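# Residue-level structure breakdown
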Amino acid sequence: MALTVNEISTLMDLLTDDNVENQPIEYFINQINQNFSKGNNFKIGSAIMTLVINNLINQPSQRIVALSILHELYRGESFANSPTWKDLLKNTPNNILNSESSMADITNLQSSVNEVKSDIMATARNHIPVITPDLSTNSSYEASDIRGTAEKLLTDPDSPARQTYRPEMLRLVPPLYYDENEMIWLEEGFVWEHYAAYDVTMCVPNSSSIEAKKLMVRAFKSALTLQQQQHLLAELDKDPKLVYHIGLTPSKLPDLVENNPLIAIEVLLKLMQSQHITEYFSVLVNMEMSLHSMEVVNRLTTTVDLPTEFVHLYISNCISTCETIKDRYMQNRLVRLVCVFLQSLIRNKIINVQELFIEVQAFCIEFSRIREAAALFRLLKQLESGETTATSSTTSTRT
C-alpha cells in the first residue's frame, strides 16, 4: 500500500519548503518522526527514492535533506560501517553545500553500498525503470506541476514509476552436440559469451525531423516560401511516418489550409491510412468555406476516393454559406467559386448529381443572375435530358 495523497502532500511540503536550505537537517528528521509512524518507513523511503530518481527533488539542498531522511529511517539497522552523522544533522543544507571540508565521512558508507550491490545477482541488477527523467534540459518547473506529477507517480498502483524493464536476452539455439560424444553446453570449460545489442540511434535527435516541425509550426501561421514548401515536402517523402510527428492535429488543419493549401493536401494524402483521418475530414467539411478549402477538397476528390457523405456534406455547407452571407459582393464571389467547383465535380464524375439534384437546382435558380450559376443550371438540364433520352430509348427497345 502506497502513501495516501495527504501523506504525500505532507512529505512534499517538507522536501520543497522554501526555507529548506536554512533549516537544520535534524528539523526535517523530527518532522518525519512526528507526522509518520515507524511502520511507514518503507513507504516513505520508497516515495523519496522515486522522487529523487525521477528528478522531482532536484535542488541540491532538497536532495541533501531527502538523502539524510533515507539514512535516518534505517539508521542502526543497515550497513555495519554506517558513519556518524551527528555533526551533519545539526547543520543546514546551505552550510553543507558551502563548506570546503566534508561534514561527514561517507567513504565507509559508499564501500558498504558497493559491497551490497556486488552481492546482487546480475539478473536482478539489469532491471531499469520504464521512465527516466530528462536531465539534458535546464528547464525549471512550477511547484504545482512537480506536486501533481509526484502524486500521480506515488498514488497510482499501475504507475510506470513502480514498473521496471528487463531486456530479454535472446540467443541462437545451440547445436545439440559439440562432437559425437559430448553435448556442447555440458563440456567442462566451455564458456558462453553474451553481448548486448544496443541500437545506437535510439534517443538521438533527428535534425531533419526538428526542421520539419519548425516549418510546420510556421505553416500554421503564414505562407511558406516555395523553397520551404519543397524542403518540408521532401522530408515528408523521405520518412512516411514523419507526418504523424510534426504537430498537425485536426484543430490546426483550418490554419494550415488557409495559409498553405498545397502542404495541407500532401499531408492529408499521407494521413489517409490514419485511424483519425475521419476527424480531419470532419474539420475540413465544417471549416469556413474559402477558395483554399475548395482547392483542398477538389484536389483530394480527384486523387483519392473520399467518402460520399463527406463530399455531399461539404457541398451542402458551401451552398448554405452562400445563402446566409450578407455581403453582396462576397456572396457573388463565393457563388461563382461554388458553381465552378460543382461543375468540376460533375464533369469528372466525382459525384452523382442525381443525389443532389434538387438542392443544386434550387441553388442555381436562387442565384440565376450570376453567369456561373446559369451555366451550372444548363449543365444540370443537359444531364437530365441525356438521362431521360437514354431511358426512353431503352424503353422503346424493350417494347
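All residue numbers here refer to positions counted from 1 along the written sequence of the relevant chain. Under the rules for a predicted model, residues below a pLDDT of 70 receive no local features and side-chain atom pairs below 80 are neither given nor counted, while totals for whole chains, interfaces and linings still include all residues. Values reported for side chains reflect all heavy atoms of the structure, with hydrogen atoms and water molecules removed beforehand.

We count it as follows: UniProt positions are given in the numbering used here, feature names are shortened, and annotations may be inferred rather than shown by experiment.
In the annotation of an unreviewed UniProt entry, the protein is listed under the name CCR4-NOT transcription complex subunit 11 and assigned to Rhynocoris fuscipes. Per its UniProt entry, the protein bears the Sequence similarities (unreviewed entry) comment "Belongs to the CNOT11 family."

## Focus: the overall build of the protein
Threshold: Secondary structure counts use DSSP, requiring at least four H or I residues in a row for a helix and at least two E residues in a row for a strand, with both numbered from the N terminus. We call a residue buried when its accessible area falls under 20% of the maximum for its residue type, exposed when it is over 50%, and partly exposed in between, using a 1.4 Å probe and counting protein chains only. Contact criterion: two residues are considered in contact whenever any of their non-hydrogen atoms come within 4.5 Å of each other. For the accessible areas, the method is Shrake-Rupley and the probe is 1.4 Å, while residue cover comes only from the protein chains on display.
On a plain count of helices and strands, the protein comes out with 19 helices and 2 strands. Buried positions account for 33% of the 399 residues belonging to the protein. The long-range fraction of contacts in the protein, counting pairs at least 24 apart against all pairs at least 6 apart in sequence, stands at 70%. Element-wise, carbon and sulfur atoms account for 52% of the exposed surface of the protein, whose accessible area totals about 25,500 Å².

## Observations concerning the packing of aromatic side chains
Given two aromatic rings, one states the distance between the centres and the angle between the planes to describe the pair. Selection rule: Here a pair means two rings of Phe, Tyr or Trp (six-membered ring of Trp) with centres within 6.5 Å. Their orientation is stacked below 30 degrees between planes, edge-to-face above 60, and tilted elsewhere.
One pass over the structure, following the stated rule, counts 4 aromatic pairs. Ring geometry for Tyr 27 and Phe 28: centres 5.2 Å apart, planes at 75 degrees, overall edge-to-face.

## What to know about the pattern of salt bridges
As a working rule, side chains carrying opposite charge can pair if their charged atoms are close by. Rule in force here: Each salt bridge in this description consists of a side-chain nitrogen of Lys or Arg and a carboxyl oxygen of Asp or Glu lying within 4 Å of one another.
Enumeration according to the criterion identifies 5 salt bridges in this entry. Glu 235 is the salt-bridge partner of Lys 238, the closest N and O atoms lying 3.6 Å from each other. Of this pair, Lys 238 and Glu 235 are both found in helix 11 (residues 226–238), 3 residues apart, which corresponds to roughly one turn of the helix. Residue classification places Lys 238 among the exposed residues on the basis of a relative accessible area of 61%. Given the relative accessible area of 8%, Glu 235 is considered buried.

## With respect to the nonpolar core
Put simply, the rule is: For this analysis, a nonpolar core means a set of buried residues of the types Ala, Val, Leu, Ile, Met, Phe, Trp, Tyr and Cys, connected via side-chain atoms within 4.5 Å.
Ranked by internal contacts, the top residues of the largest apolar core, which has 61 residues, are Met 216, Leu 284 and Ile 315. Take this core: its biggest share by element is 8 residues, from helix 17 (residues 328–347). Within the second largest apolar cluster, 29 residues are counted, among which are Ile 29, Ala 47, Ala 66 and Ile 146.

## Topic: unusual backbone geometry
One non-glycine residue, Lys 349, adopts positive backbone phi at about 55 degrees. Mapped onto the secondary structure, Lys 349 falls in the loop between helix 17 and helix 18 (357–366). For Lys 349, a relative accessible area of 72% puts it in the exposed group.

## Details of helix 4 (residues 60–73)
What counts, and what does not: Given the number of residues in a helix, its expected span is that number minus one, multiplied by 1.5 Å.
Helix length check: helix 4 (14 residues) gives 20 Å between terminal C-alpha atoms against 20 Å at 1.5 Å per residue, within 8%. Among the 14 residues in helix 4, 11 count as buried, and that is most of the element. Three or more residues of helix 4 are buried, namely Ser 61, Gln 62, Ile 64, Val 65, Ala 66, Ser 68, Ile 69, Leu 70, His 71, Glu 72 and Leu 73.

## A short note on the confidence of the model for the protein
What counts, and what does not: Predictor confidence is given residue by residue as pLDDT, running from a minimum of 0 to a maximum of 100.
In this model, the protein carries a mean pLDDT of 76, and residues with pLDDT of at least 70 account for 68%. Per-element confidence in the protein is highest for helix 12 (residues 253–259), whose mean pLDDT is 92, and lowest for helix 7 (residues 107–119), whose mean pLDDT is 52. A low-confidence stretch, residues 101–106 stays under pLDDT 50, and its non-local contacts, those more than four residues away or across chains, total 8 contacts.

## Comments concerning the packing of helix 13 (residues 261–270) against helix 15 (residues 291–303)
The condition is simple: Axis definition: a line fitted to C-alpha atoms, limited for helices to the stretch in contact. Angles are taken between N-to-C directions and run from 0 to 180 degrees. Put simply, a crossing is left-handed when the front helix is turned counterclockwise from the back one by less than a right angle, and right-handed when it is turned clockwise. Side-chain classes are defined by residue name, with Ala, Val, Leu, Ile, Met, Phe, Trp, Tyr, Cys and Pro counting as nonpolar, Asp, Glu, Lys and Arg as charged, and the others, Gly among them, as polar.
Orientation of helix 13 relative to helix 15, taken along the N-to-C sense of each, is 35 degrees, at an axis distance of 9 Å. The two elements helix 13 and helix 15 meet at a crossing, and its hand is right-handed. Contact residues: Pro 261, Leu 262, Ala 264, Ile 265, Glu 266, Leu 268 and Leu 269 in helix 13; His 292, Glu 295, Val 296, Arg 299, Leu 300 and Thr 303 in helix 15. Among the residues making up the contact of helix 13 with helix 15, the classes are represented as 8 nonpolar, 2 polar and 3 charged.

## A short note on the packing of helix 2 (residues 25–35) against helix 4
Helix packing for two helices is described by the angle between their axes and how far apart those axes are. Selection rule: Working rule for angles: under 35 degrees goes down as roughly parallel, over 145 as roughly antiparallel, 65 to 115 as roughly perpendicular, anything else as oblique.
The geometry of helix 2 relative to helix 4 is characterised by a closest axis approach of 10 Å and an angle of 55 degrees between their N-to-C directions. As far as their axial angle goes, helix 4 and helix 2 are oblique. For the element pair helix 2 and helix 4, the recorded crossing hand is right-handed. Contact residues: Ile 25, Phe 28, Ile 29 and Ile 32 in helix 2; Ile 64, Val 65, Ser 68, Ile 69, Glu 72 and Leu 73 in helix 4. Looking at the contact of helix 2 with helix 4, its residues break down into 8 nonpolar, 1 polar and 1 charged.

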